[in-house]
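Okay, here's what each chain looks like letter by letter:
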Amino acid sequence: GAVVSQHPSWVICKSGTSVKIECRSLDFQATTMFWYRQFPKQSLMLMATSNEGSKATYEQGVEKDKFLINHASLTLSTLTVTSAHPEDSSFYICSARTGNRGTEAFFGQGTRLTVV
Amino acid sequence: DAKTTQPNSMESNEEEPVHLPCNHSTISGTDYIHWYRQLPSQGPEYVIHGLTSNVNNRMASLAIAEDRKSSTLILHRATLRDAAVYYCILRGVNNNDMRFGAGTRLTVKP
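Every value quoted in this text rests on a predicted model; they were computed, and no experiment measured them. (Residues numbered from 1 in each chain as written. Chains lettered and ligands numbered in written order. Predicted model: local features only at pLDDT ≥ 70, side-chain atom pairs only at ≥ 80, totals over all residues. Heavy atoms only, no water.)

Draft legend 1. Spatial organisation of the sheet that holds strand β4 (residues 45-50) of chain B. All names here are of chain B. With respect to topology, five strands assemble into an open sheet ordered β1-β9-β8-β3-β4, the strand pairing being mixed. Looking at strand neighbours, the two that pair on one side only are β1 (9-13) and β4, the edges of this open sheet. The sheet shows a mean angle of 25 degrees between the axes of neighbouring strands, taken without regard to direction. Pairing of strand β3 (residues 32-38) with β4 involves five bridges; the strand directions are antiparallel. Residue pairing across strands places I33 opposite G50, the latter belonging to β4. (Pairing = 2+ DSSP bridges. Helix = DSSP H or I, 4+ residues; strand = E, 2+ residues; numbered from the N terminus. Axes fitted to C-alpha atoms, helices over the stretch in contact; angles between N-to-C directions.)

Draft legend 2. How the structure looks around the nonpolar core. Core analysis: the largest hydrophobic core is formed by 25 residues, its most contacted members being V4(A), W35(A), F67(A), L79(A), Y92(A) and L113(A). Put simply, the parts of the chain that give this core at least two residues each are β2 (10-13), β3 (19-25), β4 (32-38), β5 (45-51), β7 (67-73), β8 (76-81), β9 (90-97) and β11 (111-115) of chain A. Residues V18(B), V47(B), A60(B) and L106(B) belong to the second largest nonpolar core, which totals 20 residues. (Core = buried A, V, L, I, M, F, W, Y, C linked by side-chain atoms within 4.5 Å. Buried < 20%, exposed > 50% of the residue type's maximum accessible area, 1.4 Å probe, protein only.)

Draft legend 3. Highlighting the interface of chain A and chain B. Each partner contributes residues to the interface: chain A has 23 residues there, and chain B has 24 residues. Approximately 1800 Å² of surface area, both sides summed, lies buried where chain A meets chain B, with 50% of it carried by carbon and sulfur atoms. Linking chain A to chain B there are one salt bridge. Across the pair E59(A) and R99(B) runs a salt bridge, and its minimum N-O distance is 2.8 Å. Between the two partners, chain A and chain B, sit six residue pairs in polar contact (both at pLDDT 80 or more). Looking at the side of chain A that touches chain B, the elements that each hand over two or more residues are β4, β5, β9 and β10 (105-107) of chain A. A total of four residues in the side of chain A that touches chain B trace back to one element, the largest contributor, which is β4(A). (Contact = heavy atoms within 4.5 Å. Buried area = accessible area lost by both parts, 1.4 Å probe. Salt bridge = Lys/Arg side-chain N within 4 Å of Asp/Glu carboxyl O. Polar contact = N/O pair within 3.5 Å; in protein donor to acceptor, adjacent residues only side chain to side chain.)

Draft legend 4. The packing of aromatic side chains, seen in detail. Scanning all chains against the criterion turns up nine aromatic pairs over all chains. Measuring from ring centre to ring centre gives 5.9 Å for F28(A) and F106(A), while their planes differ by 55 degrees; the resulting arrangement is tilted. A residue pair is termed long-range when its members are at least 10 positions apart, and F28(A) in the loop between β3 and β4 and F106(A) in strand β10 qualify at 78 residues. Ring geometry for Y87(B) against F100(B): centres 5.0 Å apart, planes inclined by 90 degrees, an arrangement best described as edge-to-face. With Y87(B) in strand β8 (residues 84-91) and F100(B) in the loop between β8 and β9 (104-109), the pair connects residues that are 13 residues apart, well separated along the chain. Owing to a relative accessible area of 2%, Y87(B) belongs among the buried residues under this scheme. (Phe/Tyr/Trp six-rings, centres within 6.5 Å; stacked < 30°, edge-to-face > 60°.)

Shown next, in the form of structure tokens:
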């Protein structure tokens, strides 16, 4: 199946710094990518939908100025966690689809962010 | 969004079949039923999806009730590597995104 690559797999940063996570669709073009956050023992929570060439759509309660999303090309979306705090520590996962609701979604391997 | 209900956890013995149920009583006629699974510390992995007819692929089978209000993911011979959280998700005509419920945590015993 299609491959979605996420980088880095894990990162540790200091409070107050920013961290960028990349999500690439390696063998297909993704007009839409999705970003999720997952806390321990919990399910994935959709944070935002990223559309190539336009502004991302954020879910209620997700701060768009804190979680900056850029989808500059059909194969790359980035999530930047700005001014990170320990409560931002989580598992961040991106997803991309090749088509509509009748097709499957492909997920990155996730990024474990730890803010110290 | 139409919701799905799954048992929190299930157990299986290795090399035995596993039937993972999902209830979706408010499903609409245009909703697809998707199944994904998530192994520890990994992103979710596509398993199977269907609309009305039963579906088979190399990973699993999907049995969809005639009224479409429930479905069952069937792993024909569970292996230790099948231990994961399995998510049943509905995707409708207006759903560009994919939202996850709590899923079923499958434990496979040797």
